[in-house]
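# Structure at a glance
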Amino acid sequence: MLKPLHRGVSGTRICEGSRDLNGTEKGDFDAKCSSYESDEMFRFLSDSFVLGTLRNQHKLAKQMLSFSIPLIVIVIFFGLFWWSVSISTSSRLHAARSYDKIQEQVVLYLSEIGELALGPSRLRELEFCSQDFENHVPCFSARENPDSGYADRSCELEPKQNCIVPPPVKYRVPLRWPIGRDVIWFANVKMTADEVLSSGSMTKRMMMMEEEQISFRSDSSMFEGIEDYSHQIAGMIGLRNVSNFIQAGIRTILDIGCGYGSFGAHLFSKQLLTMCVANYETSGSQVQLTLERGLPAMLSTFASKQLPYPSFSFDMVHCAQCGIDWDLKDGIYLTEVDRVLRPGGYFVWTSPIADAQSFLHNKTNLKKWNAVRDFTESLCWEMLSQLDKTVVWKKTSKSSCYHSRKPRSGPPLCSKGHYVESPYYRPLENCIGGTKSSRWFPVEQRTWPSRANLNKSKLAVYGVQREDFAEDSMKWKMAVNDYWPLMSPLIFSDHPKRPGDDDPTPPYNMLRNVLDMNAQFGGFNSALLESGKDVWVMNAVPTTGSNHLPLIVDRGFLGVLHDWCEAFPTYPRTYDMVHADGILSLEALRHRCSMLDLLSEIDRLLRPEGWVIIHDTTNLIESARMLTTQLKWDARVIESDSNMDKRLLVCQKPFLKKIANS
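Along each chain, the written sequence defines residue order, and numbers are assigned to residues from 1. Two thresholds apply to this predicted model, a pLDDT of at least 70 for residue-level local features and 80 or more for giving and counting side-chain atom pairs, whereas whole-chain, interface and lining totals are computed over all residues. Here the side-chain values reflect all heavy atoms present in the structure, with hydrogen atoms and water set aside.

## Quick notes on the sheet that holds strand β7 (residues 252-256)
In this description, strands pair whenever DSSP reports at least two bridges between them. Each helix is a run of H or I in the DSSP string that is no shorter than four residues. Each strand is a run of E no shorter than two, and both are numbered from the N terminus. Strand order in the open sheet formed by 7 strands is β9-β8-β7-β10-β11-β13-β12, and the pairing between neighbours is mixed. Every interior strand has two partners, whereas the edge strands, β9 (297-299) and β12 (381-387), have only one. Taken pair by pair, the neighbouring strands of this sheet meet at an average axis angle of 20°, ignoring direction. Pairing geometry for strand β11 (residues 341-350) and strand β13 (residues 390-395), over 5 bridges, is antiparallel. Its bridge partner being in β13, Tyr346 is matched across the sheet by Lys394. Note on contacts: a residue pair is in contact if any heavy atoms of the two residues lie within 4.5 Å. The convention used is that axes are lines fitted to C-alpha atoms, helices contributing only their stretch in contact, and that angles between N-to-C directions extend from 0 to 180 degrees. Against the sheet, helix α12 (residues 332-340) touches β7, β10 (314-320), β11, β12 and β13, its axis set at about 135° to β11.

Following this line, the structure appears as structure tokens:
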């Protein structure tokens, strides 16, 4: 059971009533906030005094506080000590619990006193970045890699920008799902109307322009090709249609150079998760348009570094005219595909190079095709089928195949030192890893949704105890039930919004995606699915903590490794909600970057009207709450009866319309 403790200085809307999902009346919800009205009034008067008095009055108040704070601390702790030694033995257990609670209150009171003493300097809001930053992605230099022709990711030389990234001038909150997957606002993305009209024939077939919107009409005749194409792939694998992907063990798909996400959008309705990866582009980004549709996507320097996923992360890898020359560099790009592909998984390649009809007139294509075909054979891939420009290979599920290859045929097997499960922007390696891994399971043995719930023997593969896994699952089931009433229920209602209609009154942005910054076992993701929430989760595993990402991806979820002292490789305004459990407590982060750095990055990733939920120790939550004022967030601190040392910080990022429309 969660109880409101206090709100941040800027937090005014989060206690405003309405009904929760279970039908709780507005008065009941407001009653929870009214019990803290006196504390709020005290803070309001205190802040007004600090901010509104003359300079000499503020100086006098500050001097008085500097003398009184040590005295207050001494009196409080002396009283606690005297009280603790004077109680009877029979009541010590109860007193110890009360003592812990009083200690928590002391921490909160002292932080309030400190905030009052610091005055305006503490409450000063961050300035807005220049408008040039509205679509800026940190860590991607403008200098292109001569080998790949794309910008490389590097965070070492770029200074941190602790400023608030403004939305585009005419930004509008995305449409609700499922309409939002097919219709987006022009003003929300970097690509202009002229760039859309001047793009190639493929783009013109995939997109239509209607007034201020871009439409991806998956139900129109112009988009029948996507459905036919996906069914064609199913038939080439030996399945009746796309609906049979799940039964065949196909749940997660990596789409390299995904265009604007239409392939993944079609598969989404079939319970399939398609992660789009593409290189950073200075204009007209396919990743940004895919993200604006609410679909999974992230930027990646695939051409020079390993992908930030562990081995065996995907059941299928798809490349349709993705711009990768698979025959170059001795096949090292195909070797990386082999690394992230599960045993028995599928590689789908659609390209004019694979069209046998073109070989008669284009000897270069024939040479490239022969190189790719021969190399895939050395990787122990079986070519299942070839139809027009599309080829489907199946990775072997028998590791013994690698030992039966011809001498010096294809890349060698990786040594133990080269095979790692933390490939955070490591250089590409031309060797085959994981052949002796305990995670070597064919995709057919990983059907969905049973793969999300692991038994004792499977958990042992990841070094996880069944009791710990069960406790984690129960914890997040309860947390999801507690979280939802804390956020405005209006964002989950079914507004009668259609393209061209006026927007409903805010808040009107339903949750489509969630970033879990410290995903642990993926329990939050699992609890959201079990509770019927129509969202997908990006499970991020910090590089500084325990790496349970192999467990997460094997459960059929999407996940990535990330160093949270660096910017996440995505565009601003990517996620509707950011969730962080224990992220502030990671020592390796606290010594390398500030809490303001972390919260500023969260603000960059969050869409206007989006939500932030942070769970951590009391003192860290209180420090974060004070910083939310600088970020202009509406914030509230919640206490939990189950753990007196932990607090919950619930925030909403406002849609600053005056800034957006200036």
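Anyway, onward from the coordinates.
## A few points about the packing of aromatic side chains
Only rings of Phe, Tyr and Trp enter the pairing, Trp through its six-membered ring, and a pair is recorded when the two centres are within 6.5 Å. The plane angle decides the type: under 30 degrees is stacked, over 60 is edge-to-face, the rest tilted. Counted according to the given criterion, the structure contains 21 aromatic pairs. Ring centres of Phe469 and Phe521 lie 6.3 Å apart, and the angle between their planes is 35°; on these two criteria the pair is classed as tilted. Of this pair, Phe469 sits in helix α15 (residues 466-486) while Phe521 sits in the loop between β14 (513-516) and α16 (523-530); the two residues are 52 residues apart in sequence, bridging distant segments of the chain. Per-residue accessibility, obtained with a 1.4 Å probe over protein chains only, is compared with the maximum for each type, and a residue is labelled buried under 20%, exposed over 50%, and partly exposed between these values. Here Phe521 falls in the buried class, since its relative accessible area comes to 12%. Through a chain of ring-to-ring contacts, the aromatic side chains of Trp326, Phe347, Trp349, Trp369, Trp381 and Trp393 assemble into a single cluster. In this scheme, the term charge over a ring applies when either NZ of a lysine or CZ of an arginine sits within 6 Å of the ring centre and within 35 degrees of the ring normal. Sitting over the ring of Trp185, Arg172 keeps its end group 3.8 Å from the ring centre. Between the NZ or CZ atom of Lys533 and the centre of the ring of Trp484, over which it lies, the distance is 4.8 Å.

## Thoughts on α12
Here α12 lies mainly inside the structure; 9 of its 9 residues are buried. Taken as a whole, α12 has its buried residues at Ile332, Tyr333, Leu334, Thr335, Glu336, Val337, Asp338, Arg339 and Val340. Here the buried face of α12 lies against β7, β10, β11, α13 (363-378), β12 and β13.

## Examining the pairing of β7
With 5 of 5 residues buried, β7 lies mostly within the body of the structure. With 5 bridges connecting them, β7 and strand β8 (residues 273-278) associate as parallel partners. In the sheet register, Asp255 faces β8, and the bridge partner there is Cys276. Convention used here: a crossover is right-handed provided that the path from the first strand, over the helix, to the second strand proceeds clockwise when the strands point away from the viewer. Since β7 and β8 lie parallel, the crossover through helix α10 (residues 262-268) that links them has a hand, and here it is right-handed.

## Here's the deal with the nonpolar core
Residues belong to a common nonpolar core when they are buried Ala, Val, Leu, Ile, Met, Phe, Trp, Tyr or Cys residues joined through side-chain atoms within 4.5 Å. Ranked by internal contacts, the top residues of the largest apolar core, which has 83 residues, are Leu254, Ile256, Trp326, Phe347, Trp349, Leu515 and Trp564. Per-element accounting of this core gives the leading share, 6 residues, to helix α19 (residues 595-605). In this entry, domain limits derive from an automatic or database-based domain assignment. Residues from two domains meet in this core; each of domain 1 (225-437) and domain 2 (450-653) gives at least three. Apart from residues no more than four positions distant in its own chain, Leu515 is found in contact with Met538, Ala540, Trp564, Phe568, Tyr575, Met577, Val578, His579 and Leu605. Within the second largest apolar cluster, 30 residues are counted, among which are Met236, Phe263, Trp448 and Ile552.

## What to know about the packing of α19 against helix α20 (residues 618-630)
The N-to-C vectors of α19 and α20 enclose an angle of 60°; their axes lie 10 Å apart at closest approach. Classified by the interaxial angle, the pair formed by α19 and α20 is oblique. In this structure, α19 meets α20 at a crossing whose hand is right-handed. Two secondary-structure elements touch here, α19 through Met595, Leu596 and Leu599 and α20 through Leu620, Ser623, Ala624 and Leu627. Each angle gets one of four labels, with under 35 degrees taken as roughly parallel, over 145 as roughly antiparallel, 65 to 115 as roughly perpendicular, and the rest as oblique. Less than a right angle of anticlockwise turn of the near helix away from the far helix marks a crossing as left-handed, whereas a clockwise turn marks it as right-handed.

## As for the state of the cysteines
Throughout, disulfides are identified as pairs of cysteine sulfur atoms within 2.5 Å of each other. Overall, the coordinates contain 7 disulfides when judged by the stated rule. Shown here is the disulfide that connects Cys380 with Cys401, its sulfur atoms set 2.1 Å apart. Measuring the twist about the S-S bond at about -95°, one finds the Cys380-Cys401 disulfide to be left-handed. On the criterion of sequence distance, the pair formed by Cys380 in the loop between α13 and β12 and Cys401 in the loop between β13 and α14 (456-461) is long-range, its members being 21 residues apart. Using a relative accessible area of 6% as the deciding quantity, one classes Cys380 as buried.

## Observations regarding the pattern of salt bridges
In a structure, side chains of opposite charge can pair up when their charged atoms sit close to one another. What counts as a salt bridge is simple: a side-chain nitrogen of Lys or Arg found within 4 Å of a carboxyl oxygen of Asp or Glu. Applying the stated rule across the entire model yields 24 salt bridges. Linking Lys394 and Glu444 is a salt bridge whose minimum nitrogen-to-oxygen distance equals 2.8 Å. Residue Lys394 is located in strand β13, and its partner Glu444 is located in the loop between β13 and α14; the two are separated by 50 residues in the primary sequence. What makes Lys394 buried here is its relative accessible area of 17%. Glu530 serves as the salt-bridge partner of Lys477, at 3.4 Å between the closest nitrogen and oxygen. You can see Lys477 sitting in helix α15 and its partner Glu530 sitting in helix α16, a full 53 residues away along the chain. Connected via shared salt-bridge partners are Asp315, Arg342, Arg439, Arg446, Arg451 and Asp554.

## Notes on the packing of α15 against α16
Where α15 contacts α16, the two axes come as close as 8 Å, and the packing angle between them is 60°. Relative to α16, the element α15 is oriented oblique. As α15 packs across α16, the resulting crossing turns out to be right-handed. Contact residues: Asp472, Trp476, Lys477, Val480, Tyr483 and Trp484 in α15; Gly523, Phe524, Ala527, Leu528 and Glu530 in α16. Polarity classes work like this: nonpolar for Ala, Val, Leu, Ile, Met, Phe, Trp, Tyr, Cys and Pro, charged for Asp, Glu, Lys and Arg, and polar for all others, with Gly in that last group. When grouped by side-chain class, the residues that make up the contact of α15 with α16 number 7 nonpolar, 1 polar and 3 charged.

## Thoughts on α13
Given a helix with a known number of residues, its expected span is that number minus one, times 1.5 Å. The end-to-end C-alpha distance of α13, which contains 16 residues, comes to 23 Å, matching closely the 22 Å that a straight helix rising 1.5 Å per residue would cover. Turning to α13, its buried residues number three or more, namely Asn365, Trp369, Val372, Phe375, Thr376 and Ser378. Of the surrounding elements, those touching the buried residues of α13 are α12, β11, β12 and β13. Capping the start of α13 is the job of one residue whose side-chain oxygen sits 3.1 Å from the backbone nitrogen of Thr364: Asn362. Phi turns positive, to about 65°, at Cys380, one or two residues after α13. Here a polar contact means two N or O atoms within 3.5 Å. Within protein one must be a hydrogen donor candidate and the other an acceptor candidate, and residues neighboring in sequence count only if both atoms are side-chain atoms.

## Points about the environment of Phe375
Position of Phe375 relative to the elements: it lies in helix α13. In this structure the C-alpha to C-alpha distance between Phe375 and Gly410, which are 35 residues apart in sequence, comes to 6.4 Å. Not counting residues within four places of it along the chain, the set of residues in contact with Phe375 comprises Asp330, Gly331, Leu334, Thr335, Pro411 and Asn430.

## Points about the pairing of β11
Extensive coverage of β11 is indicated by the burial of 10 of its 10 residues. As defined by bridge partners, β10 adjoins β11 across 6 bridges and the pair is classed as parallel. The residue of β11 that forms the bridge with Cys319 is Trp349.

## Things to note about unusual backbone geometry
Omega for the bond connecting Trp448 with Pro449 falls within 30 degrees of zero, at 10°, which places this linkage in the cis form. By the secondary structure assignment, Pro449 is in the loop between β13 and α14. A positive phi angle, near 55°, is found at Asp388, a position not held by glycine. Turning to its location among the elements, Asp388 is positioned in the loop between β12 and β13. Owing to a relative accessible area of 55%, Asp388 belongs among the exposed residues under this scheme. Positive phi values are uncommon outside glycine, yet Lys632 reaches one of about 70°. For Lys632, a relative accessible area of 16% translates into the label buried.

Scope: geometric values only; no functional claims are made or implied.
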